[in-house]
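The lines below spell out each chain.
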Amino acid sequence: MKIAVDAMGGDYAPEQVVLGAIDAVESYDYDVVLVGDETKIRQVLKKYGAKESERLAVVHAGEVIEMGEHPAQAIRKKKDASIVVATRLVKEGVCAAVVAPGSTGAAVTAALLGLGRIRGIERPCIATPIPSKKGITVLLDSGANSDSKPKHLVQGAIMGTHYAKYILGIGEPRVGLLNIGEEASKGNELAQATYPMLEKVKTISFYGNVEGRDITEGKVDVVVCDGFVGNVILKFAEGIAMFIIQLVKEAIKHGGFIAKLGALAVYPALKKLGKRLDFTEYGGAPLLGVDGSFIICHGSSKAKTIKRAVRVAGELVDQDVVGHIRSSIEEGEQYDSES
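Note that the structure is a prediction, hence the values are computed from the model and not measured.

Thresholds applied
Residues numbered from 1 in each chain as written. Predicted model: local features only at pLDDT ≥ 70, side-chain atom pairs only at ≥ 80, totals over all residues. Heavy atoms only, no water. Helix = DSSP H or I, 4+ residues; strand = E, 2+ residues; numbered from the N terminus. Pairing = 2+ DSSP bridges. Axes fitted to C-alpha atoms, helices over the stretch in contact; angles between N-to-C directions. Contact = heavy atoms within 4.5 Å. Parallel < 35°, antiparallel > 145°, perpendicular 65-115°, else oblique. Left-handed = near helix turned anticlockwise from the far one by under 90°. Nonpolar A, V, L, I, M, F, W, Y, C, P; charged D, E, K, R; others polar.

Take unusual backbone geometry next. Apart from glycine, the bulk of residues carry a negative phi angle, and the bulk of peptide bonds sit in the trans form. For the bond from Ala13 to Pro14, the omega torsion is -5°, close enough to zero to count as cis. In this structure, Pro14 sits in the loop between strand S1 (2–6) and helix H1 (15–27). Looking along the chain, the bond that leaves Leu140 and enters Asp141 is cis, with omega of 10°. Turning to its location among the elements, Asp141 is positioned in the loop between strand S7 (135–140) and helix H6 (150–166).

For the rest of this paragraph, the subject is the sheet that holds strand S6 (residues 128–132). Across the sheet, 5 strands lie side by side as S6-S7-S10-S8-S9; this open sheet has mixed pairing. Where the open sheet ends on each side, the last strands, each with one partner, are S6 and strand S9 (205–210). Within the sheet, the average angular offset between the axes of one strand and its neighbour, ignoring direction, is 30°. As paired elements, S7 and strand S10 (residues 222–224) share 3 bridges and run parallel to each other. The partner of Leu140 across the bridge, within S10, is Val224. Sitting on the sheet, helix H7 (residues 189–200) is in contact with strand S8 (174–178), S9 and S10, with an inclination near 160° to S9.

Further remarks concern the sheet that holds strand S12 (residues 293–297). Working definition: the strands of a sheet are paired by backbone hydrogen bonds and lie parallel or antiparallel to each other. Spatially, S3-S2-S1-S4-S12-S11-S5 is the arrangement adopted by the 7 strands of the open sheet, whose pairing is mixed. Among the strands making up the open sheet, the edge pair consists of strand S3 (56–60) and strand S5 (125–126). In this structure, S1 lies alongside strand S4 (residues 97–101), joined through 3 bridges in parallel fashion. For Ile3, the partnering residue across the bridge sits in S4 and is Ala97. Relative to the sheet, H1 contacts S1, strand S2 (31–36), S3 and S4, its axis offset from that of S2 by approximately 165°. In the packing of helix H11 (residues 303–318) onto the sheet, contacts are made with S1, S2, S4, strand S11 (285–288) and S12, and the angle to S12 comes to roughly 160°.

Moving on, we come to the packing of H1 against helix H2 (residues 38–47). It is the contact of H1 with H2, at a shortest axis distance of 9 Å, that shows an interaxial angle of 55°. Taken together, the axes of H1 and H2 are oblique relative to one another. The interaxial crossing formed by H1 with H2 has right-handed handedness. Along the contact surface, H1 presents Glu15, Val18 and Ile22, while H2 presents Ile41, Val44, Leu45 and Lys47. Across the contact of H1 with H2, the residue classes break down as 5 nonpolar, no polar and 2 charged.

The following block contains the structure:
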């Protein structure tokens, strides 16, 4: 299986992206095709003593979509952009999945235009794994769509259920609708209209409404909301995690000898805590609903994140998550298509 990686995407491209790809090939049974400026990519390969091979190939792309560019305009104008070429490799069957660090807007647009949507899916969504007390809670949509209709949230619940089942190994994922209270009557028009529709879907286990604090409690396995709210939650969670880690470091630094001595004693526990709060540990987030396996990585992704994103991309293909979603939609999930 070959995974196409946009080597020019993100703040630390191409070095960290290429290094992550090298590590992925050494660690997993997936091949990688690095897409981007071949001269720059080969310079990094040489620096780290890696060589092109059947397992680690390079495909040239002469253009890059920058973070500040308008996604749709840039995708249409730059036909030789690395993210466009990487997506095309999947469309043509050369590669099985895409790993795309960098601009989320450009990645979503490239996937929609290059791969299209699964028939019946109107709005693909980004599914982000968030650490919780009980393991992982999948939040979607976390940024693909700012405005959603009830049917989009229902489709998100269906797709999130398949991701949690086949990638996270949860036998019967519980689905919660993000709201400001647990009662069915709570929330805005979107939440109130979505609730009864989710109750009718027979192939998901709908728990009911959940509040923001329930995400990290692990009360449910999948939480659905519109992309505007989901992205705010995601960015806030990232900020809180970094803030907590920084507070601990400062407390140890300025706490004197006893604090430093105590820190040495609890260092293994602190290290585990930092790992659980580190979003890079989970690789990228899948863009569910497009007709292909597509992983979006944070713009600040480094080698470790890219490595794990390649693994997640490969698992999406191995478990045929796209196929399971397609089958569910084609079989006719129970929701009002006009809502």
